[in-house]
Amino acid sequence: MRCRVSAMALVYALVGLLGLPAALAAPNPAKLQLQSSSALVMDVNTGKTLYQKNATQVRPIASLTKLMTALVVLDARQDLNQTLTIDQNDRDAIKHTYSRVRFGSKVSRRDALHLALMSSENRMASALARHYPGGRPAFIRAMNNKAKQLGMRNSRFYDSTGLSTRNVSTAQDLAKLISAAYRQPLIREFTQDTDKEMRFSTPAYSLMFNNTNPLVKNPDWDVRLSKTGFTDEAGRCLVMRAKPDRQELAIVLLNSVGKRTPIGDANRIRKWLKS
């Protein structure tokens, strides 16, 4: 009688015979229990999806939106040294969130982009769209056109901050956004920064801003790009490209409950890959 050997068994057998590191073996997805409602883990070097959970479910994405905002700004090749003014038009009229940035503050487009990405500063993201050729309507059109260009078929954008609950995507689409954003050195640089002191000249004051993803401070994670997001509707969200061990990963975590839950899920993924 002919024996049937599962594909997974063959993989593990080859790993043992060839002495390959265990991290290269495909882990069992059933052994990974995540708190996030949607998730995707991809090996970026092979393009292989290692794990997915509700990866095609359309959900609000909160400030993950700002990665698309950054792509549109950089695609337009606007002068990054041009001075933008934060004014009452940048007030959050959707969620009425608080910002420490004062109205009347002047900031370079580069610094606005930096703070929008690193610390998810909503007034900065708003000003970037408002100072786009054609203003906000043209900026939103550019965001949706970029999504189509990237093959993000289930994604829609209605504002540059992510405060709108109509900004939606899927874990699969966001993996494509991570890939596109990673090709931009400035996005990589700004999302890796742990903190930044911003000195405003008009009016004269300074503020310290921190990265919203605590994992960027952990050298063991070797974070190469990341963005967090949160609204009540979107839950806690995290997208990240990192190389915590010898395997470079793209991770998407959507709709987690609890401030530290995406970090916990990321650590569960790392432990699962090493098992």
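To be clear, the structure that these remarks concern was listed above.
Keep in mind that what you see is a predicted model, and the values were worked out from it rather than measured. (Residues numbered from 1 in each chain as written. Predicted model: local features only at pLDDT ≥ 70, side-chain atom pairs only at ≥ 80, totals over all residues. Heavy atoms only, no water.)

Student: Looking at this structure, I do not really get the overall build of the chain. What am I missing?
Tutor: Looking only at helices and strands, the chain has eight helices and 11 strands in total. For a compact globule of 275 residues, the expected C-alpha radius of gyration is about 19 Å, and the chain comes in at 20 Å, within 12% of that figure. Principal axes of the C-alpha set define a box for the chain whose edges measure 80 × 35 × 35 Å. Burial statistics for the chain: of 275 residues in total, 53% are counted as buried. Of the contacts formed within the chain by residues at least 6 apart in sequence, a portion of 61% connects residues at least 24 apart. Only carbon and sulfur atoms are counted for the fraction: they give 49% of the accessible area of the chain, which is about 13400 Å². Taken as two groups, the 42 positive and 21 negative side-chain charges of the chain have centres that lie 6 Å from each other. (Helix = DSSP H or I, 4+ residues; strand = E, 2+ residues; numbered from the N terminus. Rg over C-alpha atoms; globule rule 2.2 N^0.38 Å. Buried < 20%, exposed > 50% of the residue type's maximum accessible area, 1.4 Å probe, protein only. Contact = heavy atoms within 4.5 Å. Areas by Shrake-Rupley, 256 points an atom, 1.4 Å probe, with all protein chains shown as cover. Lys, Arg positive; Asp, Glu negative; His and termini not counted. Charge placed at Lys NZ, Arg CZ, Asp CG, Glu CD.)

Student: Teacher, can you tell me more about the environment of threonine 85 here?
Tutor: With respect to the helices, strands and loops of the structure, threonine 85 is situated in strand β4 (residues 83-85). Here threonine 85 falls in the partly exposed class, since its relative accessible area comes to 25%. When the C-alpha atoms of threonine 85 and serine 105 are compared, they prove to be 5.7 Å apart, with 20 residues separating the residues in sequence. For threonine 85, the residues in contact, after removing those within four places along its chain, are Asp90, Gly104, Ser105, Lys106, Arg130 and His131. Here the side chain of threonine 85 touches lysine 106 through a polar contact of 3.0 Å, side chain to side chain. (Polar contact = N/O pair within 3.5 Å; in protein donor to acceptor, adjacent residues only side chain to side chain.)

Student: Is there a simple way to think about helix α8 (residues 261-274) in this case?
Tutor: Every α-helix carries 3.6 residues per turn, so stepping three or four residues along brings you back to the same face. The end-to-end C-alpha distance of α8, which contains 14 residues, comes to 20 Å, matching closely the 20 Å that a straight helix rising 1.5 Å per residue would cover. In terms of burial, α8 is a largely internal element, 10 of the 14 residues being buried. Where α8 is concerned, the buried positions are Thr261, Pro262, Ile263, Gly264, Asp265, Ala266, Ile269, Arg270, Trp272 and Leu273. (Expected span 1.5 Å × (residues − 1).)

Student: What am I meant to see in the environment of arginine 241 here?
Tutor: Locating arginine 241 in the fold gives a position in strand β10 (residues 235-242). In sequence terms arginine 241 and glycine 229 are 12 residues apart; their C-alpha atoms lie 15 Å from each other. If near-sequence neighbours (up to four positions away) are discounted, arginine 241 is found in contact with Val44, Ile178, Tyr182, Asp222, Val223, Arg224, Leu225, Glu248, Leu249 and Ala250. A distance of 2.9 Å separates the side chain of arginine 241 from the side chain of glutamate 248, its partner in a polar contact.

Student: Can you walk me through the pattern of salt bridges in this structure?
Tutor: Two side chains with opposite charge may pair up if their charged atoms get near one another. On inspection of all chains with the given rule, the structure shows 11 salt bridges. Here arginine 130 ties to aspartate 90 by a salt bridge, and the two come within 2.7 Å at their closest N and O atoms. In this pair, arginine 130 is assigned in helix α4 (residues 122-130) and aspartate 90 in the loop between β4 and β5 (106-108), connecting sequence segments 40 residues apart. Arginine 130 gets classed as partly exposed once you look at its relative accessible area, which sits at 21%. By relative accessible area, aspartate 90 is classed as buried at 3%. The partner of arginine 224 in a salt bridge is aspartate 222, with the nearest N and O atoms 2.7 Å apart. Among the charged side chains, a salt-bridge network with shared partners connects Asp87, Asp90, Arg130 and Arg136. (Salt bridge = Lys/Arg side-chain N within 4 Å of Asp/Glu carboxyl O.)

Student: Please explain the packing of helix α3 (residues 109-118) against α4 as it appears in this structure.
Tutor: In helix packing, the relevant descriptors are the interaxial angle and the interaxial distance, both defined with respect to the helix axes. Contact geometry of α3 with α4 gives a least axis separation of 8 Å together with a crossing angle of 135 degrees. As the angle between them shows, α3 and α4 are arranged oblique. Seen from above, α3 lies across α4 with left-handed handedness. Only Met124, Ala125 and Leu128 of α4 make contact with α3, whose side of the interface consists of Arg109, Ala112, Leu113, Leu115 and Ala116. Looking at side-chain class alone, the contact of α3 with α4 contains seven nonpolar, no polar and one charged residues. (Axes fitted to C-alpha atoms, helices over the stretch in contact; angles between N-to-C directions. Parallel < 35°, antiparallel > 145°, perpendicular 65-115°, else oblique. Left-handed = near helix turned anticlockwise from the far one by under 90°. Nonpolar A, V, L, I, M, F, W, Y, C, P; charged D, E, K, R; others polar.)

Student: Got a minute to help me understand unusual backbone geometry in this structure?
Tutor: Going from threonine 202 to proline 203, the amide bond is cis rather than trans, its omega being -10 degrees. Residue placement: proline 203 occurs in the loop between β7 (195-200) and β8 (205-210). The backbone phi angle of aspartate 222 is positive, close to 45 degrees, even though this residue is not glycine. With respect to the secondary-structure elements, aspartate 222 resides in the loop between β8 and β9 (223-231).

Student: Sorry if this is basic, but what is going on with the sheet that holds strand β2 (residues 48-53) here?
Tutor: In sheet architecture, strand pairing relies on hydrogen bonds along the backbone and comes in two forms, parallel and antiparallel. Strand order in the open sheet formed by five strands is β2-β1-β11-β10-β9, with antiparallel pairing between adjacent strands. Whereas interior strands pair on both sides, the edge strands pair on one side only; in this sheet they are β2 and β9. With strand direction ignored, the average angle separating the axes of adjacent strands in the sheet is 5 degrees. Across the sheet, α8 is in contact with β1 (38-43), β2, β10 and β11 (249-256); its angle to β11 comes to roughly 140 degrees. (Pairing = 2+ DSSP bridges.)

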